[in-house]
There are 2 protein chains.
Amino acid sequence: MGPEEFRQAAHELVDWVADYRLKVADLPVRSDVAPGEVIAALPAVPPEAPEPLDALIEDLDRVIVPGLTHTQHPRNFAWFPSNASLSSVLGDIVAAGIGALGITWQSAPALTELEQVVCDWARQLCGLSEAWSGTIYDGASTASLVALLVAREKVTNGSQRRGGLQAEDYPLTAYCSTEAHSAVTKAALLAGYGAENLRLVPPRRPGREMDVAALASSMADDAAAGRRPAAVVATAGTTATTAFDPLAEVCEIAGHYGAFVHVDAAMAGSAMLLPECRELFAGIEAADSLSWNPHKWLGSVLETSLFYVRQPELLVSVMSTNPSFLRSSLDGSVVQYRDWGLPLGRRFRALKLWALLRLEGAEAIRGRMRRDLANAQRFASVVGQETGWTVLAPVKLQTVCVRHTPGEMSGEALDKHTLAWCEAVNSSGLAHLTPALLDGRWMVRVSVGAEATEWADLEALWALMQLKVKAVL
Amino acid sequence: MGPEEFRQAAHELVDWVADYRLKVADLPVRSDVAPGEVIAALPAVPPEAPEPLDALIEDLDRVIVPGLTHTQHPRNFAWFPSNASLSSVLGDIVAAGIGALGITWQSAPALTELEQVVCDWARQLCGLSEAWSGTIYDGASTASLVALLVAREKVTNGSQRRGGLQAEDYPLTAYCSTEAHSAVTKAALLAGYGAENLRLVPPRRPGREMDVAALASSMADDAAAGRRPAAVVATAGTTATTAFDPLAEVCEIAGHYGAFVHVDAAMAGSAMLLPECRELFAGIEAADSLSWNPHKWLGSVLETSLFYVRQPELLVSVMSTNPSFLRSSLDGSVVQYRDWGLPLGRRFRALKLWALLRLEGAEAIRGRMRRDLANAQRFASVVGQETGWTVLAPVKLQTVCVRHTPGEMSGEALDKHTLAWCEAVNSSGLAHLTPALLDGRWMVRVSVGAEATEWADLEALWALMQLKVKAVL
């Protein structure tokens with residue numbers, strides 16, 4: 001396809017995208033397609049001859065849109081905000097259009113250096129010190145994996161350059177709260193620690209922050225038994241309840257053992273842009289690495305996950321390779337992001353965050369997040385005042401955890417009721433919520449923060465929740 | 001930014017992209033910015049107030065474009081083709097615009113199922129059997145890492161669910177050719193095998209395919225010494241010379257030890273679309289996993305790397321997590337791609353490959369690749385007939401490895417000459433080539449296959465090479 005044909009087709013698709021965003025509020029939030037329905041609606045064999053753009057657009061409307069749960073919908077309260085702000089989409093259009101290849105600094109200097117610039121802009125906006133150097137990953141799962149790999153190599157003084165983790169005599173142990181994201185467990189397993197060497201530290205109360213006394217005692221026990229405490233992953237904003245592990249205490253305890261501390265702030269990290277929220281992250285400067293996802297609440301298009309380290313040379317020592325075909329005379333004087341993470345090649349990831357920050361401006365982004373915080377507080381207050389309804393955890397940011405308890409209902413009957421009214425809300429198509437376990441019992445998370453969500457959407461949700469609770473009783 | 005403001009801005013940027021593609025042939029292929037120049041040209045602090053689109057576009061023209069080495073340039077012969085076909089860009093615009101979130105099937109059924117569809121389309125186009133199930137990764141480095149992790153867990157029968165790799169008594173060993181991509185070494189180190197347990201098997205001749213007798217002997221030695229051969233990474237199309245390891249023999253040898261075989265066909269995999277090239281991949285059906293990158297020669301926008309396995313249940317057993325907030329009643333009946341790789345969340349990656357295949361059609365894509373194969377053969381023939389010039393390796397696909405030897409020059413003097421004329425070509429801005437080591441000596445790779453490259457571009461390159469060789473002598 002030549003540039004002129006592209007120009008015409010892209011104009012059509014841009015209109016399609018704008019029209020989609022205009023109508024998304026009127027679509028059912030959750031797709032009700034059955035498993036296999038999308039597959040069945042598409043040809044089983046690939047096209048030999050070119051198809052016209054109209055055929056593609058027709059399938060977008062006929063198959064793809066009905067097959068989507070609409071993340072950008074104003075009444076999407078499921079999982080967490082995953083805003084693809086249209087200003088960020090603009091940056092991503094340029095990234096795709098340029099088609100730059102980031103494998104070395106030389107292959108696309110601006111791709112590397114703009115990533116340095118926007119990582120530093122984001123650092124400043126978060127109130128983080130100049131000690132942090134950043135890069136962009138695809139997501140926080142990758143960040144947790146990299147952090148646990150770096151911790152492994154730090155504590156073993158580079159085992160991978162010798163006989164590997166398998167040649168180590170004393171087992172390394174890793175620590176996180178039971179409330180940490182499942183990606184942390186996955187990362188510990190993939191990094192080779194083994195499930196038996198991952199300590200799931202209990203929270204102070206169900207769903208709350210890590211019990212640091214339990215962490216201290218667990219690390220002491222391991223050290224006394226000849227194991228080597230290597231890494232602690234602290235969570236700033238848990239998935240279920242947005243609880244914050246006490247970072248200062250975690251870092252102090254870990255420091256006794258020389259253990260690496262990674263802070264997983266995937267969703268909540270955006271809140272660091274708000275000075276009034278920074279107390280939640282107190283102590284973060286003592287950590288070794290930190291990740292948060294501008295592709296969640298902040299509004300950058302997926303996949304924009306920031307990973308910051310205090311010792312880039314340690315990261316590079318674990319991740320670097322230097323094959324002949326990638327060498328250049330500039331190697332010592334530039335950043336080679338291929339040595340900062342798992343992939344060699346990358347697309348021009350920085351453009352979508354750059355466009356977001358420039359076209360929106362930091363003040364407007366902060367204003368939007370403050371709107372969400374206020375809406376979440378107000379929603380919690382309204383729900384908490386209604387008989388039978390409980391707000392189950394402190395509303396630290398924009399997530400409200402609720403449960404409806406009819407009379408004396410408890411145990412499995414209550415679980416069944418919770419899942420039933422949540423499903424009734426979701427199957428209405430008018431709003432989308434996700435249930436999660438808290439202390440072994442189901443509750444429902446109302447995750448406020450879609451860019452389009454206003455208070456009227458939360459009012460509508462609340463009316464719907466009350467209606468569906470009655471309907472399922 | 002609202003949909004109407006986006007519509008207007010996106011139209012402007014689409015025109016900017018089309019104009020960029022129209023003029024790219026007239027730009028210097030390689031950027032000549034100095035390290036730090038892009039950073040210095042941009043504000044050190046983030047914007048508080050929104051900026052107009054014009055300011056962004058001005059910086060694209062003033063800073064970003066001059067800071068790019070132009071991957072889509074018709075005289076880009078560096079590294080490997082990394083085509084962002086404009087038809088694929090269209091699909092990626094839709095992906096960014098929809099802003100779907102792939103974390104479970106339910107969060108975006110069409111995102112998951114379209115990925116199943118296009119992975120299967122690509123499988124059929126490659127002539128691979130129905131035994132393969134695919135998913136999309138960011139790149140082949142991730143594929144190699146995942147393959148080595150799965151191999152580790154297969155051979156240890158799930159060590160990560162116990163004490164991890166560190167608790168294993170007998171070391172696992174992994175094998176690849178010395179010509180394998182640096183990402184394979186990186187993957188083996190990160191997966192915990194350790195450098196001492198990675199065997200770099202020599203090629204039959206410098207720069208050629210793996211010596212399978214050496215592989216057999218190395219595996220036998222390890223097994224005899226109580227080590228456990230766990231994984232072989234075979235390369236189908238090496239980076240330096242596009243050599244093909246003999247897959248049938250590699251798989252047979254590995255089979256004696258129950259070792260997992262991964263085929264890294266990152267660049268060359270696109271050639272499987274051409275029936276006349278499939279002989280190069282003979283034996284691939286006996287491998288356990290396979291990766292190739294439609295974001296290279298084929299033309300899909302970065303990051304589109306296909307990863308196929310024969311036993312998805314094994315992959316899932318290594319990669320799966322099942323936290324409460326991601327569970328649904330449909331879990332048994334749908335594919336959950338979060339359990340097929342490292343990341344939890346993904347953007348709508350399939351759209352860019354879907355759009356490419358539909359808007360171009362397979363036959364036209366094959367035609368373009370056949371043009372490149374013919375151009376590479378013709379170029380090799382022209383160069384090989386000229387006094388002083390040598391084509392150093394068989395031209396299996398689209399890469400031509402060349403050296404110019406003035407008189408009896410050899411050793412370091414020859415290296416210096418090679419790097420000098422290559423740099424002279426690159427600094428002219430008229431074409432871009434990358435040097436690489438072959439048997440310890442520098443040569444220059446001419447990687448044909450940019451979508452815009454026609455024979456006239458290769459003629460121009462050849463004239464330029466001859467000119468610069470004289471200029472540096």
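This report concerns the structure included in the present document.

## Examining the nonpolar core
Phe6 and Phe348 of chain A together with Phe348 of chain B are the most contacted members of the largest nonpolar core, which has 205 residues in total. For Phe6 of chain A, the contacting residues outside a window of four places in its chain are Met1 of chain A together with Val14, Val17, Ala18, Leu86, Val89, Leu90 and Ile93 of chain B.

## A closer look at the relation of the copies chain A and chain B
Its rotation angle being 180°, the transformation that places chain A on chain B also includes 0.0 Å of axial translation and leaves an RMSD of 0.0 Å. The transformation relating the two chain copies, once decomposed into turn and shift, fits a two-fold axis. Of the C-alpha atoms belonging to chain A, the one lying closest to the rotation axis is found on Gln166 of chain A, 2.1 Å away.

## Description of the sheet that holds strand β10 (residues 434–438) of chain A
All names here are of chain A. Spatially, β8-β9-β11-β10 is the arrangement adopted by the four strands of the open sheet, whose pairing is antiparallel. Each edge of the open sheet is held by one strand with a lone partner, namely β8 (389–391) and β10. Put simply, the sheet's adjacent strands are angled 40° from each other on average, direction ignored. Relative to strand β11 (residues 441–447), β10 runs antiparallel, the two being bridged by five bridges. Counterpart to Leu438 in the pairing with β11 is Arg441. Across the sheet, helix α13 (residues 411–428) touches β8, β9 (399–404), β10 and β11, and the angle it forms with β11 is around 30°. Where helix α14 (residues 455–472) meets the sheet, its contacts fall on β8, β9 and β11, and the angle it forms with β8 comes to roughly 135°.

## Comments concerning the interface of chain A and chain B
Between chain A and chain B, the residue contacts involve 154 residues of the former and 154 residues of the latter. Taken together, the two surfaces of chain A and chain B that pack against each other cover about 13,200 Å², and 64% of this comes from carbon and sulfur. Applying the counting criterion to the chain A and chain B interface returns 14 salt bridges. Looking at the side of chain A that touches chain B, the element that brings in the most residues is helix α1 (residues 3–23) of chain A, giving 17 residues. Across the side of chain A that touches chain B, the residue classes tally to 87 nonpolar, 35 polar and 32 charged.

About the thresholds
- Residues numbered from 1 in each chain as written.
- Chains lettered and ligands numbered in written order.
- Predicted model: local features only at pLDDT ≥ 70, side-chain atom pairs only at ≥ 80, totals over all residues.
- Heavy atoms only, no water.
- Core = buried A, V, L, I, M, F, W, Y, C linked by side-chain atoms within 4.5 Å.
- Buried < 20%, exposed > 50% of the residue type's maximum accessible area, 1.4 Å probe, protein only.
- Contact = heavy atoms within 4.5 Å.
- Least-squares fit on C-alpha atoms with pLDDT ≥ 70 in both.
- Pairing = 2+ DSSP bridges.
- Helix = DSSP H or I, 4+ residues; strand = E, 2+ residues; numbered from the N terminus.
- Axes fitted to C-alpha atoms, helices over the stretch in contact; angles between N-to-C directions.
- Buried area = accessible area lost by both parts, 1.4 Å probe.
- Salt bridge = Lys/Arg side-chain N within 4 Å of Asp/Glu carboxyl O.
- Nonpolar A, V, L, I, M, F, W, Y, C, P; charged D, E, K, R; others polar.

Nothing here speaks to function; it is geometry throughout.
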